[in-house]
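Secondary and tertiary structure notes
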Amino acid sequence: MAQVSDFVLARLREWGVARVFGYPGDGINGLLGAFDRATGDPEFIQVRHEEMAAFMACGHAKFTGEVGVCAATSGPGAVHLLNGLYDAKLDHQPVVAIVGQQKRLSLGSHYQQEIHLDRLFDDVSEYCETVTHPGQARHVIDRAFKTALTTRGVATIVIPNDIQEEDAQPSPPKAHGSVFSSVGWSRPRVLPDPDELRRAADVLNEGERVAILVGQGAADAAGEVVGVAELLGAGVAKALLGRDVLPDDLPYVTGPIGLLGSTASDKMIKECDTLFLIGTSFPYSEWLPDEGQARGVEIDIDGRMIGMRYPMDAHLVGDAKETLKALLPLLRRKEKRAWRKKVEKDVREWLTICDTWAGQHFGDTINPQSVAAELSSRLPDRAILTADSGSATNWWARHLRLRDGMDASLSGTLATMGPGVPYAIAARFAHPTRPVIAFVGDGAFQMNGMNEMITVKRYMDRLAGGPPLVFCVFNNQDLNQVTWEQRAMAGDPKYPASQVIPDIPYGAYAELLGLRGIRCESPKKVGRAWDEALASDRPVVLEFMVDQEIAPIPPHLMVPMAKKTVKAALHDPELAGIAHRGIRQKVAQYAERLPGRGHA
């Protein structure tokens, strides 16, 4: 007779789950036996660490819109899941975690690996339940999936290992306390109040300088966003999680916003009289209009977040696509297009600045901006792009120009190190016919990315032979983003004990594993290195030796940051020769083109 563990996997199949990312342990022995009997439907993808399993589940959700599923053993395995699950929670991705637990008989005895998993997962989960009876498994699984999809969050299922091996009860006895749940869920059509729609239309119609900021909540509404922007003569900036909402070749798309943003986005926000937020909870007030400068309209499906980032005149609680469809007929086309022309001019100027910066090399060291710039014109159609957290994220955000049909994501809200590689692996499993490229700093690659190259080796037969799969590593032997944050935010010099990391031959390591390894040390060979990587029939680790003193300067130089950076420079031996890399000249040239430059 089938065991509870067999029923669990059968129910996952009914929910459309094709793969589960995980790592084994005796706390899930029953499930491992069931995976063996399931003969790959669903399949168990063995990662190197449970955190990577959770990241891959999150990445799967991001690049498919489906529920991502991960599994871990009890005790330490469960603990390891947490960072990846928090990444899913904070970026609003539907993920179900299945976790083992000690036998019910031993619970409460301070048994080996006994942890109060309901408490451990309480904060990260929208739903967390322990299966204590075979007949309970059905409705716990169903509610976990319905909750993950409805809340776009994490649901956790804990199954003690003795329950895993009991006889399954696909249909519980018809008795008091039994419930009979079903597989299935549909996305609701959420529309705001009609009066609020008219109020929003009035605000937008009256505005003369409308700035739109989109996030991942606008992902399914690209056509509607374009329609609104055209009617209102607005520019559109993109939060990092909204990186792929609109292609970058639209002349009024100003690109990223914030510390990693563009001067075009910065100017637009500073000069707008109306702010329209669509599906974003971008948190940084210093990069939004001053309070009272602009009137505001916001669309968010979560009423708890509406009007939480900037004072709004109209609060549209609803799905972005449906709300924009209802709003469009109420909007009037603005005949005066001076604002739009200015936005487009600022975009062209920003792109010229980016090209100039990327073309500068100091000595024989590669400018990291050129790595992204050289890839941008070579991006394959329908590419999936991932990024880790670090200074390389700046270049990923600013210098890659996405086209229609491309997808991109990173850890937007948690901003954790580590997801760039597992996101890319999950994307390739889900989309084997699409090119996948990850941008990773050497710090993140040493933290966990190198280990996941072993996972790539483990599944080489699945991951090789198709479109390019490239892991681009920025090698500067420095935890670079934090180094610059120490300088700009604390006014301290670089602290070598915490910041310097070993120079590892990442390309050679890849070759050792049977992958393709490419190491580029010359500024003149960056484009050639990308050509070689994109032509490979094996997964590639593409390593660039990059200049660690190319500063990730924000779009405008804030007085406190400028003062602290100067203070740090006075005591930082590595900054003593900064002029040799042209940074001072770059900052001066940069500042001349920035709004409010007299304040920095």
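All of the points below concern the structure found in this document. Everything numeric in this text was worked out from a predicted model, so none of it was measured. (Residues numbered from 1 in each chain as written. Predicted model: local features only at pLDDT ≥ 70, side-chain atom pairs only at ≥ 80, totals over all residues. Heavy atoms only, no water.)

**Overview of the sheet that holds strand β7 (residues 210-214)**
Here is the rule we go by: Whether two strands pair depends on DSSP finding at least two bridges between them. Numbered from the N terminus, helices here are DSSP runs of H or I no shorter than four residues, and strands are runs of E no shorter than two. Think of each axis as a best-fit line through the C-alpha atoms, taken over the contacting stretch in the case of a helix, with angles from 0 to 180 degrees between the N-to-C directions. Here, residues are in contact when the closest pair of their heavy atoms is within 4.5 Å.
The strand order across the open sheet formed by 6 strands is β9-β8-β7-β10-β11-β12, and the pairing between neighbours is parallel. The open sheet has two free edges, formed respectively by β9 (253-256) and β12 (314-317), since each of these has just one partner strand. Along the sheet, successive strands turn relative to each other by an average axial angle of 15°, direction set aside. Pairing geometry for β7 and strand β8 (residues 235-238), over 4 bridges, is parallel. The residue of β8 that forms the bridge with L213 is A237. Relative to the sheet, helix α10 (residues 222-232) contacts β7, β8 and β10 (274-278), its axis offset from that of β7 by approximately 170°.

**Overview of the sheet that holds strand β15 (residues 436-441)**
For sheets, the rule is that strands pair by backbone hydrogen bonds, running either parallel or antiparallel. Read from one edge of the open sheet, 6 strands run β14-β13-β15-β16-β18-β17, paired in parallel fashion. Either end of the sheet is taken by a strand with one partner, and the two such strands are β14 (407-409) and β17 (516-520). Adjacent strand axes in the sheet meet at a mean angle of 15°, parallel and antiparallel pairs treated alike. Taken together, the 3 bridges between strand β13 (residues 384-387) and β14 define a ladder with parallel strand orientation. Looking across to β14, one finds that L385 is bridged to A408. Its contacts with the sheet place helix α16 (residues 420-430) against β13, β14, β15 and β16 (469-475), and it is angled at close to 170° to β15. Contacts from helix α22 (residues 526-534) reach β15, β16, β17 and β18 (540-545), with the element oriented near 170° to β18.

**Focus on the side chain of K62**
Within the element layout of this structure, K62 appears in helix α3 (residues 50-64). Beyond its immediate sequence surroundings of up to four residues, K62 is in contact with D91, Q93, L241, S409, L410, S411 and Y423.

**Overview of the nonpolar core**
The following threshold applies: Nonpolar core, defined: a set of buried Ala, Val, Leu, Ile, Met, Phe, Trp, Tyr and Cys residues in which side-chain atoms within 4.5 Å join the residues together. Here's how the labels work: a residue is buried when its accessible area is under 20% of the maximum for its type, exposed when over 50%, partly exposed in between, all with a 1.4 Å probe on protein chains only.
In this structure, C70, L81, L85, F121, F445, M453 and F471 are the most contacted members of the largest nonpolar core, which totals 54 residues. Counting residues per element, this core draws most heavily on α3, at 8 residues. If we skip the residues at most four places from it in the chain, M453 touches V421, F445, F471, Y509, L513, L515 and V541. With 36 residues, the next largest nonpolar core counts A408, W530, F544 and I550 among its residues.

**Section: the pairing of strand β5 (residues 127-130)**
Inspection of the sheet shows β5 paired to strand β6 (residues 154-160) by 4 bridges, in the parallel sense. Bridge pairing in β6 places E129 opposite I157.

**Some points on helix α7 (residues 137-151)**
Worth spelling out the cut-off: Expected helix span is taken as 1.5 Å per residue step, with the number of steps being one fewer than the number of residues.
Between its terminal C-alpha atoms α7 stretches 21 Å, which fits the 21 Å expected from 15 residues at 1.5 Å a residue. Considered for burial, the residues of α7 that qualify are A137, R138, V140, I141, D142, A144, F145, T147, A148 and L149. Looking at the buried positions of α7, the neighbouring elements they touch are α1 (4-14), β3 (68-72), β4 (95-101), β5 and β6.

**Re the pairing of β6**
The condition that has to hold: The handedness rule is simple: strands pointing away from the viewer, and a clockwise path from the first strand over the helix to the second, make the crossover right-handed.
Along β6, 7 of the 7 residues are buried, which leaves the element largely enclosed by surrounding structure. Burial along β6 is two-sided: the face carrying V154, T156, V158 and P160 and the face carrying A155, I157 and I159 are both buried. Of the pairings in the sheet, the one linking β4 to β6 comprises 7 bridges and is parallel in character. Bridging across to β6, I98 finds its partner in I157. Handedness of the β5-α7-β6 crossover: right-handed.

**A look at the pattern of salt bridges**
If the charged atoms of two oppositely charged side chains come close together, the side chains can form a pair. Where we set the bar: Salt bridges, as used here, are contacts in which a Lys or Arg side-chain nitrogen is within 4 Å of a carboxyl oxygen on Asp or Glu.
Enumeration according to the criterion identifies 34 salt bridges in this entry. Ionic pairing is found between R187 and D319, a salt bridge with its closest N-O pair at 2.6 Å. Of this pair, R187 sits in the loop between α8 (161-164) and α9 (194-206) while D319 is found in the loop between β12 and α12 (320-327), placing the two residues 132 residues apart along the sequence. Measuring nitrogen to oxygen at the nearest pair gives 2.7 Å for the salt bridge that ties R378 to E374. By relative accessible area, which is 31% here, E374 ends up partly exposed. Within this structure, K267, E271, K342, D346 and E349 form a network of salt bridges that share partners.

**A few points about the packing of aromatic side chains**
Stated formally: Planes of paired rings set the category: under 30 degrees apart is stacked, over 60 is edge-to-face and the rest tilted, where pairs are Phe, Tyr or Trp rings (Trp by its six-membered ring) whose centres lie within 6.5 Å.
Under the defined criterion, the tally for this structure stands at 10 aromatic pairs. Between the aromatic rings of F282 and Y284, the centroid separation amounts to 5.5 Å while the plane-to-plane angle is 80°, which identifies the pairing as edge-to-face. Classification of Y284 as partly exposed rests on a relative accessible area of 44%. Here F445 and Y506 contribute two aromatic rings whose centre-to-centre distance is 5.5 Å and whose plane-to-plane angle is 80°, an arrangement assigned as edge-to-face.

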